[in-house]
Amino acid sequence: MPEKNTRSPQPAPPHDLILEGRARLTVTGVQKVLHCNADSAAIETGRGILHLTGAQLSMAALDLEAGEAKFTGRIDALEYTASAPAGSFLHRLLR
C-alpha cells in the first residue's frame, strides 16, 4: 500500500504593510517584485499581488531573503489581486 503524504501545507510567511504618512511603505512577506517605476509597482506576496500607485515611487531597499521591500514617494493606492495559478498562461495558450 503506498504511503500517504502526511505533511501539512507550509503556511504563508507573515505579510504586513507599514505605511508612514503616505510617503514611506514597508512590505513584509515579499516573494518577488514584478515591476517598479515612478508611477506604480507590483509585488508578489504570499497573500496575492500587491499593486501600488502613486508618484515619484522608488524602491529604497529590497531583501528577498528576509522578504522585505521598502518604498518611498507619494503612495496614492494599495490594491491586492489574486495570484494567477501556476500554468494558467500556458493553459490558456493551448486551449
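Residues numbered from 1 in each chain as written. Predicted model: local features only at pLDDT ≥ 70, side-chain atom pairs only at ≥ 80, totals over all residues. Heavy atoms only, no water.

Engineer: Explain the confidence of the model for the chain to me, please; I cannot follow it from the model alone.
Structural biologist: One rule of thumb: low pLDDT means the predicted coordinates there are not for detailed reading. Per-residue confidence for the chain gives a mean pLDDT of 85; residues scoring 70 or more make up 74%. Per-element confidence in the chain ranges from a low mean pLDDT of 54 for helix α1 (residues 88–93) to a high of 97 for strand β2 (residues 24–28). (pLDDT = per-residue confidence, 0-100. Helix = DSSP H or I, 4+ residues; strand = E, 2+ residues; numbered from the N terminus.)

Engineer: What is the right way to read the sheet that holds strand β5 (residues 48–63) from this model?
Structural biologist: The strands that make up a sheet are held in pairs by hydrogen bonds between backbone atoms, and each pair lies either parallel or antiparallel. The 6 strands are arranged β1-β2-β6-β5-β4-β3 in an open sheet whose pairing can be described as antiparallel. The open sheet has two edge strands with one neighbour each: β1 (17–20) and β3 (30–36). Recorded for the sheet is a direction-independent mean angle of 35 degrees between the axes of neighbouring strands. Strand direction decides the pairing type here: β3 and strand β4 (residues 40–45), joined by 5 bridges, are antiparallel. Looking at β4, one finds that H35 is bridged to A42. (Pairing = 2+ DSSP bridges. Axes fitted to C-alpha atoms, helices over the stretch in contact; angles between N-to-C directions.)

Engineer: Just to check I follow, could you spell out the pattern of salt bridges for this structure?
Structural biologist: Side-chain pairing between opposite charges can occur once the charged atoms of the two side chains come close. Scanning all chains against the criterion turns up 4 salt bridges. Between E20 and R24 there is a salt bridge, with the nearest N and O atoms lying 3.5 Å from each other. Classification of E20 by relative accessible area gives partly exposed; the value is 37%. In this structure R24 comes out as partly exposed when scored by relative accessible area, which is 45%. The shortest N-O distance in the salt bridge between R74 and D76 comes to 2.9 Å. Using a relative accessible area of 47% as the deciding quantity, one classes R74 as partly exposed. Each of R22, R74 and D76 takes part in salt bridges that share partners, so that together they form one network. (Salt bridge = Lys/Arg side-chain N within 4 Å of Asp/Glu carboxyl O. Buried < 20%, exposed > 50% of the residue type's maximum accessible area, 1.4 Å probe, protein only.)

Engineer: Just to check I follow, could you spell out the nonpolar core for this structure?
Structural biologist: It is characteristic of soluble globular proteins that their nonpolar side chains tend to be buried jointly. Judged by nonpolar contacts, L25, V27, V30, A41, I43, L50, L52, L57, A69, F71 and I75 together constitute the single largest core of 11 residues. Put simply, the parts of the chain that give this core at least two residues each are β2, β4, β5 and β6 (68–81). Residues in contact with I43, not counting those within four places in the same chain, are V30, K32, V33, L34, G48, I49, L50, L52 and F71. (Core = buried A, V, L, I, M, F, W, Y, C linked by side-chain atoms within 4.5 Å. Contact = heavy atoms within 4.5 Å.)

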